[in-house]
Amino acid sequence: MNCVSLVGRLTRDPELRKTPSGKSCVRFVLAVNRIFESQNGQKADFPTVVTYGKTADNVSLYCSKGDLIEVDGRLQTGSYEDKNGRTIYTCEVIANRVGFLTPKSKKEDDEYYSTKTVNIDEDFDKDYSTMDDDIEF
């Protein structure tokens, strides 16, 4: 079974790119804390995560450096030859789902709601007592 679940912080702002077929793609690095410090003093791992489609669009729109996110996906390994002819091996997490764990700040909420206006008079005279799609009991 190939399942990966990670919770970590974005190391930089994600950048949206398009595949040759026009599909959205985002590649980012997560800083994931370890439970214990390694022998060389490393306290975090930095896996590369790739996601596609609508998930990629949402990550690029709503996430930025330092945001805490949750990733569910699978590991994918690969290899390629660099310009010197050496084989380079890769390992990435292909995200099926990304959850946004950083709450919006109160300032953003205040700005959002203060710019919204409602025109009550516009729909005031409509009769809402029965609608065509109401279910009768």
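Note that the structure is predicted; figures quoted are calculated from it, not measured.

Conventions we followed
- Once a new chain begins, its residue numbering starts again from 1 and follows that chain's sequence as written.
- Reporting of local features is limited, given that this is a predicted model, to residues whose pLDDT is at least 70; pairs of side-chain atoms are given and counted only at 80 or more, and all residues count toward the totals for whole chains, interfaces and linings.
- Note that water and hydrogens are dropped before the side-chain values are worked out from all heavy atoms of the structure.
- Secondary structure follows DSSP: runs of H or I at least 4 residues long count as helices, runs of E at least 2 residues long count as strands, and numbering of each begins at the N terminus.
- For every residue, the accessible area (1.4 Å probe, protein chains only) is compared with the maximum for its type, and the residue is labelled buried under 20%, exposed over 50%, or partly exposed between those bounds.
- Residue contacts are defined here by distance: any two heavy atoms, one from each residue, within 4.5 Å place the two residues in contact.
- Only the protein chains shown count as covering a residue, and every accessible area follows the Shrake-Rupley method with a 1.4 Å probe.
- Side-chain atoms within 4.5 Å are what join buried Ala, Val, Leu, Ile, Met, Phe, Trp, Tyr and Cys residues into a set we call a nonpolar core.
- In this analysis, strands are considered paired if DSSP registers two or more bridges between them.
- Each residue carries a pLDDT score, the predictor's own confidence in it, on a scale running from 0 to 100.
- Every case where a carboxyl oxygen of Asp or Glu lies within 4 Å of a side-chain nitrogen of Lys or Arg is listed as a salt bridge.
- Taken from the helix axis, the directions to the C-beta atoms give the arc we talk about.

**What to know about the overall build of the protein chain**
On a plain count of helices and strands, the protein chain comes out with two helices and seven strands. Taking all 137 residues of the protein chain together, the buried fraction comes to 25%. Partitioning the intrachain contacts of the protein chain with sequence separation of at least 6 by distance along the chain shows that 55% fall at a separation of at least 24. Element-wise, carbon and sulfur atoms account for 50% of the exposed surface of the protein chain, whose accessible area totals about 11,000 Å².

**Structural notes on the nonpolar core**
Core analysis: the largest hydrophobic core is formed by 16 residues, its most contacted members being F28, L30, V49, I69 and V71. Taken together, the elements giving at least two residues each to this core come down to β1 (4-10), β3 (24-33), α1 (53-62), β6 (68-81) and β7 (87-100). If one sorts the elements of this core by residue count, β3 sits on top with four residues. Residues contacting L30, with those up to four places away along its chain left out, are L6, G8, R9, L10, T11, D45, F46, P47, V49, I69 and V71.

**Details of the pairing of strand β5 (residues 48-52)**
Pairing between β3 and β5: five bridges, direction antiparallel. Its bridge partner being in β5, R27 is matched across the sheet by V50.

**Digging into the confidence of the model for the protein chain**
Mean pLDDT over the protein chain stands at 83; residues scoring 70 or higher make up 76%. Here residues 113-124 is a poorly scored stretch, pLDDT under 50, and it has one contact once near neighbours within four places are set aside; other chains count.

**Considering the pattern of salt bridges**
A full pass over the atoms with the stated rule returns six salt bridges. One continuous salt-bridge network, built from bridges that share partners, spans E70, D72 and R97.

**Considerations on α1**
For α1, the full list of buried residues reads G53, A56 and V59. Burial along α1 is one-sided: seen end-on, the buried residues are contained in an arc of 110°. Pointing more than 90 degrees away from the buried face of α1 are the exposed residues K54, L61 and Y62. In this structure, the buried residues of α1 make contact with β2 (15-18), β3, β5 and β7.

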